Structure formats: C-alpha cells, structure tokens
Amino acid sequence: MQFDQTFEQHFPTHVLVRQHRGIEALTASLVAVIEAARENEDNAALSTENTTQGGFQTGGGQDFLERNEPPLRALKSQIIWPAVETYLEQVLDCNPLLTPVSLVSWAVSLGPGDWQAPHFHPKEYTLISGVYYVSVPEATEPEGCLEFVNPNLNAVSMGNQPSSRLHRPQTGQIILFPPYYMHFVHPLKARVSRHVIAFDVRLQHK
Ligand SMILES: [Fe+2]
C-alpha cells in the first residue's frame, strides 16, 4: 500500500521564560512588601478551597499588583507588562496596543513543608497565566520546583510520554503559560521563604 504521511504539530503549549539580572534592589524591596503583607493581613492559604498548602497567600478579592507601592509599580512596568506584551504578540498573535487586558494578581510565600496542589487557572477571559519569582532559596530538585502536567494523559497511561515537565525557578525569573496548563509546586525544605507573585492576564469585558 502506498501512502504519504506527515505528523502535524497542532496547538503547541507555549511557555515563555525570561530571566532578569541586576535586580537585587528590586528583589529586596519586593520581599519587604510581601513580608509586611504576611505580617499584617489575612491568609487566603488557610481557605480549604485554596491550592496553596501551608504558607501564606494574599486575599483573592484584591489585586496585589494594584497596591500603590513603588516596587510593585516597577515590577509591573519593567518586567510583567513587557513579558506579557511579548506573549500576546508572539504566541496569541494579538497587537498588545489594541488588546484590552488587565492583571489579577496575588502573592504567595512558601516555607518548610509548604507546597501547592495541582491546579490550573480556568477563570473565563483568562488569556495567560504567569508567575514572577521574587525570591527563590537555593535547593536541589525537585524541592520548590514548578511541575507542569502533560495535557495528553492517554499518552502517559497507555504510552511512554513523560507525565510531566519540571521547571526550576530562579530569583528574578518570569514564566508565562496557557491558563489550562495544569501545574503544581513541590514542597520546600529550606528554612528561607520562597516568595512569588502569581497573576492572570484577562481580557477586559463589559
Ligand atoms: Fe497556578
């Protein structure tokens, strides 16, 4: 039997990783903002519906990056928006200037024994999900690593595709990924806290 055959790649999963350098002063000021929130505010991680296990998370009803504090404004304008614009342009084929989007964000601090259960970000109108790694303690894999779950579960159970892909975060790194991409965070052992700011990029709607 004669035939022609091609394997087409349909809809790949795009993950943007951008590592910033020379951000020591910004890191110190962001850590101070998050630690002050941890000292003074309610802990959303205590909710049974929250995927953060242990640790601290700022309230879901608030937008952490909307707080009027200079380090948060610098993070948004110099790091988060430039990466989001690149993703909108190169992955979603949108003109960032003509795409009305806004951020919904929250801070998460994990300490020894804390972790994050598998989840994705299914809220409607979410175009991109992301994390900025404010401060990540030195550790050996997989401690504190982000792990993405293979969306093709049949290929894992019936075949030999890997079940997941491990991502090792570093201080000063931003990662952007599709909101449907399941992920979790391995437990920490380090006594130093791991601080991140997580966010969704949502299409503005009426
Ligand atoms: Fe997440």
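Within any chain, residue numbers begin from 1 and follow the written order of that chain's sequence. In keeping with the model being predicted, local features are shown solely for residues with a pLDDT of at least 70 and side-chain atom pairs are shown and tallied solely at 80 or more, while totals for entire chains, interfaces and linings include all residues.

Here's the deal with the overall build of the protein chain
- Strands here mean DSSP runs of E at least two residues long; helices mean DSSP runs of H or I at least four residues long; both are numbered from the N terminus. Scanning the protein chain from N- to C-terminus turns up 3 helices and 11 strands.
- Going from the N terminus to the C terminus, the protein chain shows its helices and strands as β-α-β-β-α-β-β-β-β-α-β-β-β-β.
- For 206 residues, the compact-globule formula gives about 17 Å, and the C-alpha radius of gyration of the protein chain, at 18 Å, lands near that figure.
- Projected onto its principal axes, the C-alpha positions of the protein chain cover 70 × 40 × 35 Å.
- Partly exposed residues are those whose C-beta has more than 12 but fewer than 20 other C-beta atoms within 10 Å; with 20 or more the residue is buried, with 12 or fewer it is exposed, and the C-beta atoms are placed from the backbone. Within the span of the protein chain, comprising 206 residues, buried residues form 26% of the whole.
- Two residues qualify as a contact pair if the distance between their C-beta atoms, derived from the backbone, is within 7 Å. In the protein chain, the proportion of contacts linking residues at least 24 apart, taken out of those at least 6 apart, comes to 81%. Radius of gyration here is computed from C-alpha atoms only, and the compact-globule reference equals 2.2 Å multiplied by the residue count raised to the power 0.38.

Observations regarding the sheet that holds strand 7 (residues 146-149)
- Only strands joined by at least two bridges in the DSSP assignment are considered to pair. Pairing is antiparallel across the open sheet formed by 5 strands, whose spatial order is 2-5-10-7-8. Each edge of the open sheet carries a strand with a single partner, namely strand 2 (52-53) and strand 8 (164-167).
- Strand direction decides the pairing type here: strand 7 and strand 8, joined by 4 bridges, are antiparallel. Residue pairing across strands places Val 149 opposite Ser 164, the latter belonging to strand 8.

Some points on helix 2 (residues 70-90)
- Relative to the 30 Å expected for 21 residues at 1.5 Å per residue, helix 2 spans 29 Å between its end C-alpha atoms, a close match to the ideal helical length.
- The term bend refers to the angle at a residue between two fitted axes, each drawn through seven residues, those ending there and those starting there. Within helix 2, the axis deviates most sharply at Lys 76, by approximately 40 degrees.
- Residues Leu 72, Leu 75, Ile 80, Ala 83, Val 84, Tyr 87 and Leu 88 constitute the buried set of helix 2.
- Buried residues in helix 2 make contact with strand 1 (16-19), helix 1 (24-40), strand 6 (126-135), strand 9 (173-177) and strand 11 (194-203). For a helix, the expected span equals 1.5 Å multiplied by the number of residues minus one.

Considerations on the pairing of strand 5 (residues 115-119)
- Bridging between strand 2 and strand 5 involves 2 bridges; their strand directions are antiparallel. Counterpart to Gln 53 in the pairing with strand 5 is Trp 115.
- Where strand 5 meets strand 10 (residues 183-185), 2 bridges bridge the pair, whose relative direction is antiparallel. What sits directly across from His 119, in strand 10, is His 183.

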